[in-house]
Every structure is written in C-alpha cells, then in structure tokens.
Amino acid sequence: MSNLSAEGGHGAVPLAGVPTGVDVPAPEPEWPLYEVFVRGKRGLNHVHVGSLHAADDRMALLHARDVYTRRNEGVSIWVVRADAITASSPDEKDPMFAPSGDKVYRHPTFYDIPDNVPHI
Amino acid sequence: MTLTETPLDAGTQADLESHFEATIARNDRIEPRDWMPDGYRRTLVRQIAQHAHSEIIGMQPEGNWISRAPSLRRKAILLAKVQDEAGHGLYLYSAAETLGVSRLELTEMLISGRQKYSSIFNYPTLSYADVGSIGWLVDGAAICNQVPLCRTSFGPYGRAMIRVCKEESFHQRQGYELLTTMMRGTDEQRAMVQESVDRFWWPALMMFGPPDADSPNTAQSMAWGIKRNTNDELRQKFVDMSVPQAEALGVTLPDPDLAWNDERAHYDFGQPDWDEFMQGVKGNGPCNAQRLAHRRRAHEDGAWVRAAATAFATKEATA
Ligand SMILES: [Fe+2]
Ligand SMILES: [Fe+2]
C-alpha cells in the first residue's frame, strides 16, 4: 500500500509524509488563546474544559458558550487569556512538589487510634 | 502560557526519555508541558490535526441537506448534529495547539492539501437517506475508533475524545432512527435506504484504515499508547456490531462474504476496495476538489470578519 498508512479517529488519515507545521509561525496574526473554565452546576468549582481563540473577552465568552456548553454542561463560564496564566511544570518529579512528598503526618491515616474509639 | 526552554545535556536527555517511557509504561498520561520525543509530538500533531480537519470537512456532506430537510424536526436535528461536528473540530484543534502548532497554520495546511482528512467525506450525499446512513454507519465507525482513543496517552487528545464520544451517541441514534422511519414508509423509501446503505457500507469499513499488515505506523503508535487497538480489530468490532443492526432495520449489507463464523465467534467479511481508498487519500475521490474549494472559500470569505473583529478589539482596548 505504497508508503502511506493511515490512522485516525473520524476515519483513517495518512501519518507518513504529512507535514506537521510544528515551529512554523502563524500565517497571519492569531487571535489570542483563551482557556475556558465551566462550573457544571451550583456547588461545584469551575473546571478547565479546553481553550479557544477570540478577538476579545466578550467574544471568548460567547464562543465558550457555543463550543463547550451545547447541552447544559454549565451554569457559569470563566475565560482567561492563556498568556495571563502562570503555570508550574506538571512533571511529578518537579521540585515544586517535593515539600509535600515526605510529610506523611499531614494525612489522617498517619495516626494510630485504638479500634474501640468511635467516630474518629 | 510561556515555556522556558533550557538547553539539555546528554545526561538530562536520557533522564527525560526514561521518564517519558516510564509514564507511558504506567499507563499515565503525557501532558503538553512534559518532555516528549519529537516523533511522538509529530505523530500526534498529524493524527489530531487531521482528525480535526475530518470533523470540519465532515460538516459538508450533511450540511448539503439542511435546507432541504423533510420536516422541521429533521432540520433541527441535522443542524444540531452538524454544529456538534464543528465543535468536535474545535476541541481537536485546541488539543493539537498544545503541541506547539498554530491554529491558522493547521487551516493553511488543510486548504492547501498538505494535510489530509478522512476520505469518507469525499463521497457525495445523494438522498436524505444518506443523512441516516452517515449517522448510523459513519458516526458508528467513528465511535468504534474514538472510544479507545479516550484512553490515548496524550492527555488533551483523550479529554477531547471523551467530550466527542458523549455527543456521538446522539449522532448514531438519530441516523438509525431516521432510517427506521423510512423503512416503515413506502417501497420507494425502503429502496432509497437500501441504495444508500449499499453506497456507504464499504467506505465505512475503509474508515478503519488499511489492513494491519499494510499499516507500518500502528506498532509505534501502539507502543506510545496513542493507539489502543489495531485497524483490523476495530473493523471486526464494527462489523460484529452492525450486522444485527442491519437485520433489525431490514436492509442487506452489500457483502456476499459476510457470514457468521462459529469458530472465531465473529463475522467473516470481505475487504473494501483499497485502491479506491488510496485514490481518495491522494485527493482523487469523487468530491475532494469540491470539499477543499468550499473550505477555502469559507476561510477566505471570513477574512474581513476576522480583520473587523481584531480592529474592534484593538479599538476597545485603547478606548
Ligand atoms: Fe464528530
Ligand atoms: Fe459525529
């Protein structure tokens, strides 16, 4: 089947011989990227659901509604420009999270309580 | 988000590689800011971007019928379905962007034909029964492909797939219901359903890609946890699911080799015309030129809207 093989989700697409565009600058200036957070229902936190591009904050909110809440997935939306977010590295070996790694005494299971003591 | 890149020495490089391998081996997810091998990144960009393109181009065959839907009910359903496909494209483009590729560059690569989309969308939709066949068979095949991708090793891709899969079930059911409604109608309507199923059955089987023996990328994709099942496994699953559905519907699947195999406990079936598939991939399918021209026109016609929105945003920001 020549040098084309195919993989894919909504139908096979070739993986060999296709350019990726990684490290290629955008062909025209892009609208800023926004990260979208949705509160699923009252009583829950806003949770990150994805991202989108928009020219400004208002458009980002409207697009977020159309893209991420077509089936009552939310009662409230936050949009935040991605370049306004400061992130740690998610790497679990990151020294950022080392201080909590050796503090087992912060967990209730660290403490032995006799079996006959109720409700603790 | 800004990334700070520091040059790596050889020792660190080996560390990063073994950390990546260990994460995959644990069946844990790789997240965008993790180090990953260049081949992994590029394979994912190709797969996710072209999956996104498929969703976006996939709006066209069905969009063709929105203005001619037989009832308001069918029109509302079809509009919602096509809008979902746009949404799927957008979830996937955002997942691809986390790998360091720009959205506009992806669009450019689609409309210039450098990146591809699924060949299934190069077949024309000739009757309203095709809306039903696409929902039942094409979205049905997509579900078989996409459900295992919910566990793919790249976090953003898997999360996009979870959202997509929740919506696909509506797509398949509305299509099947449309066909059952037509099958309860006149002889002409039943014939229309059969004719449509005859045209879409083989292209639906092609959606799983070439046989495993001809899919040299599969082994690497499975080792990286990007892909969870081989093309042939998924195709078999789809056939096994579809046969009883076709019986309940009262249509014949156009494959003389289709038969239950007691020993294997699966259906045996024939192979689609892989030359036809390759022609589609190379851009020679029945509607390739039309689909790409339409997408290019939509992008170019939208240029003034993008410029106006940018100008308005700049004006608001400086006001
Ligand atoms: Fe879809
Ligand atoms: Fe769909």
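Placed above this text is the structure.
Our subject in this report is the structure included herewith. Just so you know, these numbers come straight off a predicted model, no measurement behind them.

Each value, and the rule that gives it
Residues numbered from 1 in each chain as written. Chains lettered and ligands numbered in written order. Predicted model: local features only at pLDDT ≥ 70, side-chain atom pairs only at ≥ 80, totals over all residues. Heavy atoms only, no water. Helix = DSSP H or I, 4+ residues; strand = E, 2+ residues; numbered from the N terminus. Buried < 20%, exposed > 50% of the residue type's maximum accessible area, 1.4 Å probe, protein only. Polar contact = N/O pair within 3.5 Å; in protein donor to acceptor, adjacent residues only side chain to side chain. Arc of directions from axis to C-beta. Donors = N, O, S within 2.8 Å, 3.2 Å for Na, K, Ca; no water. Tetrahedral: all angles 85-135°; square planar, octahedral: opposite > 155°, others 65-115°. Phe/Tyr/Trp six-rings, centres within 6.5 Å; stacked < 30°, edge-to-face > 60°. Lys NZ or Arg CZ within 6 Å of the ring centre and 35° of its normal. Pairing = 2+ DSSP bridges. Axes fitted to C-alpha atoms, helices over the stretch in contact; angles between N-to-C directions. Contact = heavy atoms within 4.5 Å. Buried area = accessible area lost by both parts, 1.4 Å probe. Salt bridge = Lys/Arg side-chain N within 4 Å of Asp/Glu carboxyl O. Nonpolar A, V, L, I, M, F, W, Y, C, P; charged D, E, K, R; others polar.

1. Topic: the side chain of Asn288(B)
Residues and elements named next belong to chain B. With respect to the helices, strands and loops of the structure, asparagine 288 is situated in helix α12 (residues 288–301). For asparagine 288, a relative accessible area of 8% translates into the label buried. Of note is the side chain of asparagine 288, whose polar atom sits 3.0 Å from the side chain of asparagine 122. For asparagine 288, the side chain forms a polar contact with the main-chain nitrogen of glycine 285, separated by 2.8 Å.

2. Some remarks on helix α11 (residues 274–281) of chain B
Residues and elements named next belong to chain B. Residues of α11 that are buried: Trp274, Phe277, Met278, Gly280 and Val281. All buried residues of α11 project into a common sector of 155° when viewed along the axis, lining one side. Measuring from the backbone nitrogen of aspartate 275 back to the side-chain oxygen at the start of α11 gives 3.0 Å, which picks out aspartate 273 as the cap.

3. Observations regarding the coordination of the iron ion (ligand 1)
Residues and elements named next belong to chain B. At 2.1 to 2.7 Å from the iron ion (ligand 1) lie its protein donor atoms, namely Glu55 (OE), Glu85 (OE), His88 (ND1) and Glu168 (OE). Considering all four donor atoms around the iron ion (ligand 1), angles at the metal cover 81 to 147° and the coordination shape is irregular. On the primary sequence, the residues serving as donors to the iron ion (ligand 1) are separated as E-x29-E-x2-H-x79-E. The distance between the iron ion (ligand 1) and the iron ion (ligand 2) comes to 3.2 Å, with glutamate 85 serving as a donor to both metals. Linking glutamate 55 in helix α2 (residues 38–57) with histidine 88 in helix α4 (residues 72–97), this pair joins segments that are 33 residues apart in sequence. Since its relative accessible area comes to 1%, glutamate 55 is described here as buried.

4. Points about the packing of aromatic side chains
Residue and element names in this part refer to chain B. Applying the stated criterion across every chain, the model contains 12 aromatic pairs over all chains. With a centroid separation of 5.0 Å and 75° between ring planes, the pair formed by phenylalanine 20 and tyrosine 40 is classed as edge-to-face. Pair noted here: phenylalanine 20 is in helix α1 (residues 10–25) and tyrosine 40 is in helix α2, with a separation of 20 residues, a long-range link. Where tryptophan 201 meets phenylalanine 238, the ring centres are 5.8 Å apart and the plane angle is 20°; that geometry is what we call stacked. Here the residue tryptophan 201 occupies a position in helix α8 (residues 187–206), and phenylalanine 238 occupies one in helix α10 (residues 231–249), the gap between them amounting to 37 residues. With respect to burial, tryptophan 201 and phenylalanine 238 carry one shared label: buried. Residue placement shows arginine 68 over the ring face of tryptophan 65; its charged tip is 4.2 Å from the ring centre. Sitting over the face of the ring of tyrosine 91, arginine 163 holds its NZ or CZ atom 5.1 Å from the ring centroid.

5. Overview of the sheet that holds strand β5 (residues 76–81) of chain A
Residue and element names in this part refer to chain A. Strand order in the open sheet formed by three strands is β4-β3-β5, with antiparallel pairing between adjacent strands. The open sheet has two edge strands, β4 (46–53) and β5, and neither has a second partner. Adjacent strand axes in the sheet meet at a mean angle of 25° when their direction is disregarded. Relative to β5, strand β3 (residues 33–39) is paired through six bridges, and the arrangement is antiparallel. Within β5, the residue paired with arginine 39 across the bridge is serine 76.

6. As for the coordination of the iron ion (ligand 2)
All names here are of chain B. Those donors, Glu85 (OE), Asp139 (OD), Glu168 (OE) and His171 (ND1), are the protein atoms that reach the iron ion (ligand 2), and they lie 2.0 to 2.2 Å from it. For the iron ion (ligand 2), the four donor atoms are set out with angles of 84 to 170° between them, so the coordination reads as irregular. Each donor residue of the iron ion (ligand 2) lies on the same chain, and together they follow the pattern E-x53-D-x28-E-x2-H.

7. Quick word on the interface of chain A and chain B
Listed as interface residues are 54 residues of chain A and, on the opposing side, 78 residues of chain B. Across the chain A/chain B interface, buried area totals approximately 5,000 Å², and carbon plus sulfur atoms make up 58% of it. For the pair chain A and chain B, the interface holds five salt bridges. Glu167(B) is paired through a salt bridge with Arg70(A); the nearest N and O atoms lie 3.0 Å apart. Applying the counting criterion to the chain A and chain B interface returns 25 residue pairs in polar contact (both at pLDDT 80 or more). Elements that contribute at least two residues to the side of chain A that touches chain B include exactly β1 (6–7), β2 (13–14), β3, β4 and α1 (57–68) of chain A. Taken together, the residues that form the side of chain A that touches chain B break down as 28 nonpolar, 12 polar and 14 charged.

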